[in-house]
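Inside the fold
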Amino acid sequence: MSKRKVKETHMPVGECISQVQMILRERFCHRRLPEKPVGMESQHKHLLELLRRTAVHGESNSVLIVGPRGSGKTMLLNCVLRELLEVKDVNKNVLPVHLNGLLQTDDRIALKEITRQLNLENVVGDKVFGSFAENLAFLLEALKKGDRSSSRPVLFILDEFDLFAHHKNQTLLYNLLDVSQSAQAPIAVIGLTCRLDVLELLEKRVKSRFSHRQIHLLSSLSFIQYLDNVRSQLSLPQDFPDTKFYDEWNESIKTLCEDQPVVDVLQRHYNSSKDFRSLHLLLMLALSRVSASKPAIKPTDLLEASRVCMVDSKANILHGLSILELCLIIAMKHLNDIYEGEPFNFQMVHNEFKKFLQRKSHSIHNFDKPVVIKAFEHLQQLELIKSMDSSTAKIQKEYQLMKLMLDHSQIMEALQKYPQCPTDVKQWAMSAFG
Amino acid sequence: MIKNGAVWTEVGFRCLFEGHISLYIWSEIMVRYFTRLRVRRIYKWGGRSYADRKLKSYGFEYLNIGVEGQEAVTTVTPGQYILIEGNDDDNPFVAKLLKLFGDESHKQKKALVQWFLRLSEVPQNKKLLLGRSPHPQEIFYYLGRACDDEINVESILGTVHVQHVPEDTPFPEPGTKDTLYVKMSWDTKAFNVLDPVLMQDTPASTPPKPALPLFPPCASPAATPVSRGPVRRALPTPDPTVMRRAGSVSDTRATMSTGKMGTLEAESIHSASKLSASKILSTRRRGSAADTPGVRKKLQLSNGASPGKRMTREDVLCELLDEEVESEKVMSLKLSSSVSHSLQHGCSLSPMRSGRKTPNGQGGFPRKLTSISLDRLSPTALGEQDFSSDLLLAVTPLALEDEVFEAGLPTDSGSAMTPKKRQATPRRNYVRGQKATTPSRRKESAMTMREPALGVLAEEDSEDSPMQPIAMTPRSKRKSAQLVSSRIRKQLNLLDNNEELSSDGDDCFVPSKKDLQSSSDEESEEEQTESEEETVVRKARGRNCKTPSRTPCKTPSKKATPSTPRTPRNATPSIPSRTVPARQPGNILEEARARLHVSSVPESLPCREQEFQDIYNFVESKVMDGTGGCMYISGVPGTGKTATVHEVIRCLQHASDMDEIPMFRFIEINGMKMTDPHQAYVQILQKLTGQKATADHAAALLEKRFSNPAPKKETTVLLVDELDLLWTRKQNVMYNLFDWPTRHHARLVVLTIANTMDLPERIMINRVASRLGLTRMSFQPYSFKQLQQIITSRLNKVKAFEEDAMQLVSRKVAALSGDARRCLDICRRATEICEHSASHPSTAGLVRMSHVMEALDEMFSSSYITAIRCASLQEQLFLRAVIAEFRRLGLEEATFQQVFVQHQALCRVEGLQPISVSEGLAVCQRLGACRLLLLEASRLDVLQRVRLNVSQDDVLYALKADRD
């Protein structure tokens, strides 16, 4: 051990950095499950117990894991499954079936997927799967033939559970839950969803068959814990080959997390959302700035990353507009002020623009109407303005009613940052009435 | 005579081919004959007699019953409880003697009694009304007025002790074997709590009830069958022939009887199964539905002059259950009996011949049997009959042999056997003529049987493995019957203690006790660990070629399976079986959890007795009449609709196995388990005939099937679950389903289940609703008491819940939905919480209130408030901004843009850095994904409208509490 230590202390910095990036990226992209789910011990225990009973005792169950996006539902389930499958008895005795509401958009596809994952296809040999009806009867028959003590438990994992509730008649859900409530093959139905009202989506007979177990993953993480988590997420694991670099890196991370601007940035992120997915995005951006010449994450990196994360998407578009287009936007803003958000058409905007040219403009020349129309269309293509009426064909372009998709604050901010913006345009934008 | 015999043999063979049933027809006849060795009793009036001039009768103070050849005399006085001879030897009728009287001519001795009923005498379909498991020695005070309460004293067997148990006290330990307990009364409709006043001992001083004798005093002394109104159970009062015959044997038995109870018991050594509730039910039914010719035939049969011929096929089937017991006896006998007994066996075999002869003379019995066997013979069986008759012939005598040994049993034990007595009746004389031939034939057959027996034995071994679902299915149908019989066996076991053969008897009762617990078929039960001693016994049993008596019942079923076409196309794959068997529940909580799982099918459904009764009667009447009909059952989910119907079908199938009602087929479809309403045709056709067809073709085939008379005159019971899913625009599926039963001879009974009560009015067009008819039933949600009862009955003495905890669950669920599934789920969750709260699983105690509260909270509390509290700060601010904007607008809807303005303002108030529009939208989307907010499509961007999905108060409450 010590020998290796001595030898590997001299690992080049570049290699260390690539190692670090690999380890941390794996972490941030959810490629590897954490050792133990953080902050959800009771839920973990509940789910593990439940699935173990299905696997060991052959008890049928159904459960819903509910939590907002990014709260770790899938992570929790995968942790539990990993732990469950480590048990020797269980390993060969359960058949997990993974379904996703976004992939299996109707029951027909879902049934095919189930039979595929259960390897039931092979039993039939050369039989080409027939109709949907046959498929359903086939699966139900298979499940019905099993019994509690002798058949292998099947774990049905339904990701995006709420989308399954939109299938016709909820046939799949009814049948799965019905099996789970009758003396047939033991199954566990595990639904993952972010909708709190998911039970209201179920038909009452489906609902009655559901066991009403819900595991809520609602993180009540405090900011201190959040900071701790950031630190542990960025820290290198014990078994990092280069001990010297390991110490340096972890020390730098520690100081980073105590830096006030960094804490402010993290606090802002924490205020916005507590989930780890957005945090991982931030840390990933910061991590990508680490290089051989700069072998640590500096506070500026994190601040820059945060700026990138927080930036307003529309403001960027506004920076790329021409002066004419910007003037039109300002005209629209004034129209919005005057008419209190009522829709407008091109003619109105054009009139407003002409008024500006006549009265206040010094730097901007008059544009021909077709040029202005072109600019207006460009704005529409950028979806900065949006047509209000659906039937675009009937009305002439100039008279179509439009709405501005920008907030005033966005326009003003964009003007501040717009490179070489003429002052009269700025003043026009600031003035109360056009 | 010979011709008759030949017919009989043929019948026997045919039946035999059918399998086990017929075997037992044979055996049953013999058993009946031999065990009915009656003890002759002498009845004498005692005490002062007082005359009742008005009624021309004389009353007496007591009655002396003596047994011929014995000193002991039993005295029966009014006020005592007596046993009255019925057609069940093991469970004689129980009554309380009220008055003894005779007519002027002193020819008839009569008694006035108050009847008591055993549970087995209550019609099977009403047993559920009891709502609890009966005590094995429980009897019921009979309040029905339909029974004649006047009996012939000659049918009195002896006295019995009856103890009244107050309603709320439990039954005492069944220590004394001959004590019966009475707790409830039965008035042919319901069980009621018994008024203790009725049970107070009314000594002889009670004023005699002025009841006119049913028969004029001058009626012939022979056979006054005292009938019990609706029961119509012919109480076989000893007619002279029987008495004479009984007397002839009585000497042989006298030594055996150690007392009056002993006499009784001696008669009922092994015939536990003869008393099966279903039999009584059947006799009742026969009485009530005596109009149909087939039934009348049975009636004649059962009222036949000799008790030995009373048996019917139902009994035979019951007998099947008892094979265990009998085979044990056979074994023991074989061990004990020497060659010298063979003559006796020959003798004892012979009465069967006479048994054959007599019913033939009456005409009813054999013909009936033939028809049965023909009905039940499958076409293939008919084809093969000739070829296989040799084999059958070989099997038959073996069964005879079994019974021979058994029949010989009492004779062996009886020491003073006098062959002379046997010749007393003319029939016996006839028998003696045949005697010479019989033993030799028996030996021959025994020889032929040795080899097949071995083969069968091997086969049985292979079938012992539980992996043979085919062999198991026919048995599981008889589960209830097994239960009944095993319960009785247990009871009998208690009674048999001072029996001479008690040790032997005990041996064979051991497995049957297990039967009670497992209620599974015998094979699997035998698989279970038995004591070393037991295994030895089993081996010995095998050597004694007992096996054939069992195997025939399985061989046909095994043969039957390949006959169904099994092309690989239809092969349904199953879920692969597990390598390690599922673990059984380890502690009380796990046990409770297993029992509380919705899937564990209870033996009977509590709290749905009335509904059960209604559906049962409906289906039964349709099946009996061979007509069709529809019934609509509605009720909210989880109220036991489907379970009740299944229970009804189970009971009916059992009844039909017992041949009490005609055969019928049960088909079940579920609207939710098909992809399209028209698939209903496909599924029905497939389940009816095994054919596969497209929906249109199937509809045409079914149309044809139900337009023509049903094949085999078999009624089809069709259960349509989730009826509303079968709705189509033209409603032709529903129309057909309800139209078929109205066809002449279609014999289709359709039971439909749906959730909504007014489904026919709401979605059905007139011509469909009209065909559905008005037979409707609605299942009410369970009340809290019912839910409590459901939990209690499921737990079945597993003490896992505190009483209060159970009550809390049931009250809560009853208040919300009355859904039994929900109730059970909560209970299960509570056991889990209880288990987790304990430091070690084994130390976990009862489920308490706190555990139940936690489970209820988990399942019922809305998660919105917690979700709001756990939301991030910006999300909370956004919710506040939404409410602020709603208040400003006075509307419950605003665009994101408007809300965002409020949000920015709030941020400034809170001293936070205002967020950008993109961030704001992200926050809004997150809330929308949780459904705290309802949003328009996100492509509308800042213009999308926002609504709250929670009440404003809830939001404010959650946020306010958060601040504190």
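Residues numbered from 1 in each chain as written. Chains lettered and ligands numbered in written order. Predicted model: local features only at pLDDT ≥ 70, side-chain atom pairs only at ≥ 80, totals over all residues. Heavy atoms only, no water.

What follows deals with the overall build of chain A. When helices and strands are counted, chain A shows 23 helices and seven strands. In chain A, the share of contacts with a sequence separation of at least 24, taken over all contacts with a separation of at least 6, comes to 74%. Total accessible area on chain A is roughly 19,800 Å²; 53% of this is exposed by carbon and sulfur atoms. (Helix = DSSP H or I, 4+ residues; strand = E, 2+ residues; numbered from the N terminus. Contact = heavy atoms within 4.5 Å. Areas by Shrake-Rupley, 256 points an atom, 1.4 Å probe, with all protein chains shown as cover.)

Looking now at the overall build of chain B. The number of helices and strands found in chain B is 39 helices and 19 strands. Classification of the 964 residues of chain B by burial places 56% in the buried group. Long-range contacts, defined as pairs at least 24 residues apart, comprise 73% of the intrachain contacts of chain B with a sequence gap of at least 6. (Buried < 20%, exposed > 50% of the residue type's maximum accessible area, 1.4 Å probe, protein only.)

Attention now goes to the pairing of strand β1 (residues 61–66) of chain A. Residue and element names in this part refer to chain A. The buried fraction of β1 is high, at six of six residues. Burial along β1 is two-sided: N61, V63 and I65 and S62, L64 and V66, pointing in opposite directions, are all buried. Sheet topology note: the β1/strand β4 (residues 187–193) ladder contains six bridges and is parallel. By the bridge assignment, S62 is partnered in β4 with V189. Strand direction decides the pairing type here: β1 and strand β5 (residues 214–216), joined by three bridges, are parallel. In the strand pairing of β5, L64 is matched with Q214. (Pairing = 2+ DSSP bridges.)

Moving on, we get to helix α14 (residues 243–258) of chain A. All names here are of chain A. Helix length check: α14 (16 residues) gives 23 Å between terminal C-alpha atoms against 22 Å at 1.5 Å per residue, within 8%. All of the buried residues along α14 are F245, Y246, W249, N250, S252, I253, L256 and C257. With its buried residues spanning 160 degrees around the axis, α14 presents them on a single face. Those residues of α14 hidden inside the fold are in contact with α2 (13–28), α13 (223–234), α15 (260–272), α16 (276–287) and α17 (299–310). Measuring from the backbone nitrogen of K244 back to the side-chain oxygen at the start of α14 gives 3.2 Å, which picks out D242 as the cap. (Expected span 1.5 Å × (residues − 1). Arc of directions from axis to C-beta. Polar contact = N/O pair within 3.5 Å; in protein donor to acceptor, adjacent residues only side chain to side chain.)

Here we come to the packing of aromatic side chains. Here a ring pair, both rings aromatic, is described through the centre-centre distance and the interplanar angle of the planes. Residues and elements named next belong to chain A. According to the stated counting rule, one finds 13 aromatic pairs over all chains in the structure shown. Residues F353 and F367 carry aromatic rings whose centres are separated by 6.4 Å and whose planes lie at 25 degrees to one another, so their mutual orientation is stacked. Placement of F353 in helix α20 (residues 346–359) and of F367 in the loop between α20 and α21 (369–381) is noted, with a sequence separation of 14 residues between them. With relative accessibility at 1%, the residue F353 sits in the buried group. (Phe/Tyr/Trp six-rings, centres within 6.5 Å; stacked < 30°, edge-to-face > 60°.)

Of the residues lining the interface, 92 residues belong to chain A; the matching set on chain B comes to 78 residues. Both sides of the chain A and chain B interface together cover about 7,200 Å² of buried area, and 51% of this is carbon and sulfur. Taken as a group, L196, R205 and N271 of chain A account for 9% of the area that chain A buries against chain B, more than any other trio of residues on that side. Along the contact surface separating chain A from chain B lie nine salt bridges. A salt bridge links R213 of chain A to E832 of chain B, with the shortest nitrogen-to-oxygen separation between them at 2.8 Å. The interface formed by chain A and chain B includes 31 residue pairs in polar contact (both at pLDDT 80 or more). Contributions of two or more residues to the side of chain A that touches chain B are made by α3 (41–57), α7 (120–124), α8 (132–145), α10 (171–180), α12 (204–209), α15, α18 (313–319) and β7 (402–404) of chain A. (Buried area = accessible area lost by both parts, 1.4 Å probe. Salt bridge = Lys/Arg side-chain N within 4 Å of Asp/Glu carboxyl O.)

A word on the sheet that holds strand β13 (residues 664–670) of chain B. Residues and elements named next belong to chain B. Strand order in this open sheet of five strands is β13-β14-β15-β12-β16, and the pairing throughout is parallel. This sheet does not close on itself; its edge strands, each paired only once, are β13 and β16 (776–779). Neighbour-to-neighbour, the strand axes of the sheet open up by a mean angle of 15 degrees, direction not taken into account. Contacting β12 (629–635), β13, β14 (715–721), β15 (748–754) and β16, helix α25 (residues 641–657) runs over the sheet at an angle of about 165 degrees to β13. Where helix α26 (residues 679–689) meets the sheet, its contacts fall on β13 and β14, and the angle it forms with β13 comes to roughly 150 degrees. (Axes fitted to C-alpha atoms, helices over the stretch in contact; angles between N-to-C directions.)

Here we take up the nonpolar core. L118 of chain A together with F878, F896 and L933 of chain B are the most contacted members of the largest nonpolar core, which totals 78 residues. Sequence-distant contacts of F896 of chain B, that is, excluding residues within four places in its chain, are made with F878, V917, G920, L921, C924, D941, V942, Q944 and V946 of chain B. (Core = buried A, V, L, I, M, F, W, Y, C linked by side-chain atoms within 4.5 Å.)

The subject of this paragraph is the pairing of β12 of chain B. Residue and element names in this part refer to chain B. The buried fraction of β12 amounts to seven of the seven residues, a majority that puts the element mostly inside the structure. Burial of β12 is two-sided: the residues G629, M631, I633 and G635 facing one way and the residues C630, Y632 and S634 facing the other way are all buried. Strand direction decides the pairing type here: β12 and β15, joined by six bridges, are parallel. Looking at β15, one finds that S634 is bridged to A754.

Moving on, we come to the side chain of N100 of chain A. Here N100 of chain A shows up in strand β2 (residues 95–100). Only 2.9 Å separates the side chain of N100 of chain A from the backbone nitrogen of L102 of chain A, close enough to count as a polar contact.

Before going further, it helps to spend a moment on the environment of I139 of chain B. Residues and elements named next belong to chain B. Mapped onto the secondary structure, I139 falls in strand β7 (residues 138–142). In sequence terms I139 and W186 are 47 residues apart; their C-alpha atoms lie 9.5 Å from each other. Dropping the residues within four chain positions of it, I139 is found in contact with V94, F116, L117, R118, V162, L180, Y181, V182, K183 and M184.

Further remarks concern the packing of α26 of chain B against helix α27 (residues 695–707) of chain B. Residues and elements named next belong to chain B. Across the interface, α26 lies against α27 with an axial gap of 8 Å and an inter-helix angle of 55 degrees. Relative to α27, the element α26 is oriented oblique. Here α26 runs over α27; the crossing is left-handed. In contact with Y681, V682, I684, L685 and L688 of α26, α27 contributes A695, A698, A699, L701, L702, R705 and F706. In terms of residue class, the contact of α26 with α27 is built from eleven nonpolar, no polar and one charged. (Parallel < 35°, antiparallel > 145°, perpendicular 65-115°, else oblique. Left-handed = near helix turned anticlockwise from the far one by under 90°. Nonpolar A, V, L, I, M, F, W, Y, C, P; charged D, E, K, R; others polar.)

Moving on, we get to the pattern of salt bridges. A complete count under the given rule lists 45 salt bridges over all chains for this structure. Put simply, R307 of chain A and E304 of chain A hold a salt bridge, and the shortest N to O gap is 2.7 Å. Taken together, the positions of R307 of chain A and E304 of chain A, both in helix α17 and three residues apart, correspond to about one turn of that helix. Each of R53, E59 and R213 of chain A together with D825, R828, R829, E832 and E858 of chain B takes part in salt bridges that share partners, so that together they form one network.

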